[in-house]
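One letter stands for each residue in the lines below.
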Amino acid sequence: MSFLELVGSLKERLSEAASGYPKVEFSILEPPEEFGDLSSNLPLILSKVAGKKPYEVARDIASRLKVDERISEVEAHPSGYLNFRIDYGKFSKEVIERAIEGVRPEWGKGRRVLIEHTSLNPAHQLHVGHLRNVILGDTIYRVLKFLGYEAYVHNYIDDLGLQVGDVMLGIRKLGFDPEGKGLKFDHYIGKIYAEINRMYEEDEGLLEERRKLLEELESLSGVFEFSKLVVDRVVKEQLKTCWRVGARYDCLNYESHILASRMWDDIFEELKRRGIAILSREGRLKGCWYVRVEGEKEGEEKVLVRSDGTTTYIAKDIPYAAWKLGLVEDRFRYVKAMEQPDGSVLWSTALEDGEERHPKFGACDVVINVIDVRQGRLQRMIRYVLERLSGEELKDRYIHLGYEVVSISRDTANEMGIKTDRKVVHMSGRKGVFVSADDLLDSLFTKALAETKKRNPGADEGWARSVAEKVAVAAIRYGMLKQDLDKMLVFDMRKALELEGETGPYLQYTYARASSILRKAGDWSLPESFSFEDESEFKLIKEISKLDFVLDKVHRTLSPVHMAKYGYGLCVSFNSFYERLPVLKEPEEEKRLSRLSLVKAFESTLKTCLELMGIEPLERI
RNA sequence: GGGCUCGUGGCGCAGCAUGGAUAGCGCGGCAGCCUCCUAAGCUGUAGGUCGUGGGUUCGAAUCCCACCGAGCCCGCCA
């Protein structure tokens, strides 16, 4: 029985014991340590409706309560709480055995989920803001996959956007070096992109040139052919960065393929017919087709089709979203684009000549779009249009997983040569103001390599480099996950390079400590019965048992912060156990084997937790 | 102007869904701990009007309202 199940069972038993009272909502929570392992506020709530003193109700319920055998003590506290103690003699065995077995809940079995993340413009390299997106999306993917979902990761390539127009114009004005001037190709194109944006300020005529280029791009001919080559090279380089931090994808969806599929034309007809898309005959939107969300005021309209007949971003997103949900037939063809470092195939949509056999993409039960909060309104609008179209409530099926942006701290901005009085500086690829993801990873690698060598004098160079790379990724991934989605992440180079305290490397270090004990233990097997006596052992067992409790929370909230905090807490518990009690040197056989089992259970649980966050467990560090 | 989000020790954050028992953690400060399973660690200590005011309640960091401060969105860009 896990912690989640224990809480569930306790709640049921409490409801039974309180059957004489009105039915109320109550909770089971963890009290401060001296009050026990679990407690319930049921008597406090009942006292209100029953008009009795909380303590009285608590004693009454305690006397009727038949608890699970894993609960050894029930106390009606004068405060009105019911406090419980876990019988670790009984609880430990199943917790440890289950942890070692690695049982996993299958809450998503039989359900298809589509996660879209990354989706950055193919006009520049990734900066740390994009990294937050990639890492959040990838972590949610890992968790949902673990929970038994049939999960697909999609990366949207906006190959017809303004940014591509900028790049094409930039190349025309600045020239094109197929070698990328010795830079990583996405870095090179990013420089052109920033430079042409600077040039607009001096020469407004360039904007007209770009408009013509965009028209040509949308016609899917002419400059489009060349842009495709550039875009694909940039995407490939961006993917290298994403792979480096452990992400993987199932399919790249190209905007040009959505356009070519003519899915929009059909949906547009339907929107017109149903009166969802409205033609503006006068005023500032004259000649445009727009939507207005019910209840919103005049002036809140969103244009779908411009007066010149071209479509806006939101219009192109509607058929794509409908495809994701299976509201329209799948008109895409698919080809194998490349193999990824994890060995899986990355597919791509195609215009024609697709593979006959391919995984079934789209048509998912749940769609999760990982996009920063600034697009919240647009995402709600897309969902609104889809709801009008399908007549279905999509709140639980079409989810915008919004997160706050990453900005740069004043200190780091100053070090980068950006003068500012403000507390933070917002990143902008267009202005060339950003912290490069590749550069950050390189800096972290260099620092981690020095640390690894310092701690392992004479170690093999290849081994040290491999460890350093994994430590670097752990640092960046944990750093991105440890604060909740609604908090702006202020990037500070000094803090980002930290490898101590609540960081990814701390978790890896703790894992290595446990691995080291198990490696040196030789042959051993689980004892008949466990012998634990120390508070630190009980605490660790309890933490281990909480894995599915935490998974449940992440599943419900889609917020990986809970996984991060859990992994950290698990390690804190282990380290305090580690510092207090010997394992290998414990003279009593039963205790030694019990502790070894506990270490094994911990190692197994932390491993799961790390893998869900995309952090490599390291046996030596 | 309308909408969304955030405000918790010097700094960075958990806790808020489901109100309750001394408000947790990391960094930084101070004091300790390596003849012992990896000190990327551990222990102790100092430091908090939970933005402000009001309301609901026996009880509010948590729920409601107002205000203040910060950020974002409100484009025929994406």
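Each chain carries its own residue numbering, running from 1 in the written order of its sequence. To read the labels, note that chains go from A and ligands from 1, taken in the order they are written. Whole-chain, interface and lining totals are the exception, using all residues; otherwise, since this is a predicted model, local features are given only for residues with pLDDT of at least 70 and side-chain atom pairs are given and counted only at 80 or more. To obtain the side-chain values, all non-hydrogen atoms of the structure were included, while hydrogens and water were left out.

J.: Could you give an account of the pattern of salt bridges, naming the residues involved and the relevant values?
T.: Here a salt bridge means any side-chain nitrogen of Lys or Arg lying within 4 Å of a carboxyl oxygen belonging to Asp or Glu. Across all of its chains, the model carries 61 salt bridges by this definition. The salt bridge partner of Glu-451 is Lys-454, with a shortest N-O separation of 3.6 Å. With Glu-451 and Lys-454 both in helix 15 (residues 437-455), this residue pair falls three residues apart, about one helical turn. With a closest N to O distance of 3.1 Å, Glu-533 and Lys-591 form a salt bridge. Separated by 58 residues along the polypeptide, Glu-533 in the loop between helix 18 (504-520) and helix 19 (535-545) and Lys-591 in helix 22 (residues 589-613) bring together distant segments of the chain. Only protein chains enter the area calculation, which uses a 1.4 Å probe; residues under 20% of their type maximum are buried, those over 50% are exposed, and those in between are partly exposed. Overall, Glu-533 belongs to the partly exposed group, its relative accessible area being 47%. Exposure remark for Lys-591: the relative accessible area of 13% places this residue in the buried category. Several salt bridges converge on common partners, so that one network encompasses Glu-533, Glu-537, Glu-586, Glu-588, Lys-591 and Arg-595. Labels follow the DSSP assignment, with helices taken as runs of H or I lasting at least four residues and strands as runs of E lasting at least two, numbered in each case from the N terminus.

J.: Can you tell me about the sheet that holds strand 17 (residues 489-491), naming the residues and giving the values?
T.: Strand pairing is defined by DSSP finding a minimum of two bridges between the two strands. Reading across from one edge, 16-15-17 is the order of the three strands in this open sheet, with mixed pairing throughout. Both edges of this open sheet fall to strand 16 (424-426) and strand 17, since each of them pairs with a single strand only. In this sheet, neighbouring strand axes are inclined to one another by 45 degrees on average, regardless of whether the strands run parallel or antiparallel. Across three bridges, the pairing between strand 15 (residues 406-409) and strand 16 is antiparallel. By the bridge assignment, Ser-407 is partnered in strand 16 with His-426. Convention adopted: a line fitted to C-alpha atoms gives each axis, helices being fitted over their contacting stretch, and angles between N-to-C directions are expressed from 0 to 180 degrees.

J.: Describe in detail the layout of surface pockets, supporting the description with residues and values.
T.: One way to see where empty space is left: roll a probe the size of a water molecule over the atoms. For cavity detection a 1 Å grid was placed over the protein atoms alone, and a set of points counts as a cavity when a 1.4 Å probe fits there but cannot get out; an open set counts as a pocket when protein lies on both sides within 12 Å along at least five of seven lines, with lining residues being those that have an atom within 4 Å of a point. Grid points are joined across faces, edges and corners, and a volume is the space filled by probe spheres set on the points. For the second largest pocket, the calculated volume is near 400 Å³. Taken together, 19 residues line the second largest pocket, and the ones lying closest to its centre are Gly-479, Lys-482, Gln-483, Lys-495 and Ala-496. Counting residues per element, the ones that place at least two in the lining of the second largest pocket are helix 16 (461-481), strand 17 and helix 17 (493-496). Here the lining of the second largest pocket gets five residues from one element, more than from any other, and that element is helix 16. Looking at the lining of the second largest pocket, its residues break down into eight nonpolar, five polar and six charged. Residue polarity follows a fixed list, in which Ala, Val, Leu, Ile, Met, Phe, Trp, Tyr, Cys and Pro are nonpolar, Asp, Glu, Lys and Arg are charged, and the others, Gly among them, are polar.

J.: Give me the lowdown on the packing of aromatic side chains, citing residues and values where you can.
T.: Two aromatic rings from Phe, Tyr or Trp, using only the six-membered ring of Trp, form a pair when their centres are within 6.5 Å; if the ring planes differ by under 30 degrees the pair is stacked, by over 60 it is edge-to-face, and anything between is tilted. Tallying each qualifying case throughout the model produces 21 aromatic pairs. Consider the rings of Tyr-152 and Phe-361, whose centres lie 5.9 Å apart with planes at 80 degrees: the pair is edge-to-face. Placement of the pair is Tyr-152 in strand 6 (residues 150-157) and Phe-361 in the loop between strand 12 (345-350) and strand 13 (366-372), with a sequence separation of 209 residues. Of the two residues, Tyr-152 and Phe-361, both sit in the buried class. Look at Trp-323 and Phe-332: their rings are 5.3 Å apart centre to centre, the planes differ by 80 degrees, and that puts the pair in the edge-to-face class. Each member of the pair, Trp-323 as well as Phe-332, is classed as buried. Members of the aromatic cluster, each reached through a chain of ring pairs, are Tyr-152, Tyr-156, Tyr-320, Trp-323, Phe-332, Tyr-334, Trp-347 and Phe-361. Distance and angle both matter: a charge sits over a ring if NZ of Lys or CZ of Arg is within 6 Å of the ring centre and within 35 degrees of the ring normal. In this structure, Arg-59 is placed above the aromatic ring of Tyr-55, and the distance from its NZ or CZ to the ring centre is 4.2 Å.

J.: Quick rundown of the nonpolar core? Include the residues and the values.
T.: Throughout, nonpolar core names a set of buried Ala, Val, Leu, Ile, Met, Phe, Trp, Tyr and Cys residues whose side chains join them through atoms within 4.5 Å. Counting residues in hydrophobic clusters, the biggest one holds 160 residues, and the most contacted among them are Leu-14, Ile-61 and Ile-368. For this core, the leading source of residues is helix 16, giving twelve residues. Residues within four places of Leu-14 in sequence aside, it is in contact with Phe-26, Ile-28, Ser-40, Leu-42, Ile-61, Leu-65, Leu-82 and Phe-84. Of all hydrophobic cores here, the second largest spans 39 residues; its members include Ile-258, Ala-277, Val-293 and Leu-389. Any pair of residues with heavy atoms lying within 4.5 Å of one another is described as a contacting pair.

J.: An account of the domain arrangement of chain A is needed here, citing residue identities and associated values.
T.: Segmentation of the chain into domains, including their bounds, is taken from an automatic or database domain assignment. For chain A, the assigned domains read domain 1 (3-86), domain 2 (112-159 + 247-406), domain 3 (408-472) and domain 4 (504-612). The straight-line distance from the C-alpha centre of domain 1 to that of domain 3 is 50 Å.

J.: Quick rundown of unusual backbone geometry? Include the residues and the values.
T.: Excluding glycine, residues mostly have negative phi values, and the peptide bonds linking residues are mostly trans. A positive phi is found at Ser-119, a non-glycine position, where the angle reads about 40 degrees. Here Ser-119 falls in the partly exposed class, since its relative accessible area comes to 25%. Not every positive phi belongs to a glycine, and Leu-558 is a case in point at roughly 55 degrees. Among the secondary structure elements, Leu-558 is positioned in the loop between helix 20 (547-557) and helix 21 (561-580).

J.: Talk me through the sheet that holds strand 12; I want residue IDs and the actual numbers.
T.: One open sheet holds the seven strands; their spatial order is 11-12-7-6-5-13-14, and the pairing between them is mixed. What marks the edges here is a single partner per strand, and that holds for strand 11 (333-339) and strand 14 (398-403). Averaged over neighbouring strand pairs, the angle between their axes works out to 25 degrees when direction is ignored. Bridge count between strand 5 (residues 112-116) and strand 13: four bridges; the pairing is parallel. Across the sheet, the residue bridging to Val-113 is Val-366, located in strand 13. Seen against the sheet, helix 5 (residues 128-146) touches strand 5, strand 6, strand 13 and strand 14 and runs at an angle of roughly 160 degrees to strand 13.

J.: I'd like a rundown of a nonpolar patch on the surface, residues and numbers included.
T.: Together, Phe-176, Phe-226 and Leu-229 line one region of the surface with nonpolar side chains, adding up to about 260 Å² of accessible area. Within the secondary structure layout, Phe-176 lies in the loop between helix 6 (162-174) and helix 7 (185-200). Residue Phe-176 is classed as partly exposed on the basis of its relative accessible area of 30%. The patch calculation keeps residues exceeding 30% relative accessible area without a salt bridge and links them within 9 Å when they carry like charges or within 5 Å when they are nonpolar (Val, Leu, Ile, Met, Phe, Trp, Tyr). Using a 1.4 Å probe, accessible areas were evaluated by the Shrake-Rupley method; residue-level cover was limited to the displayed protein chains.

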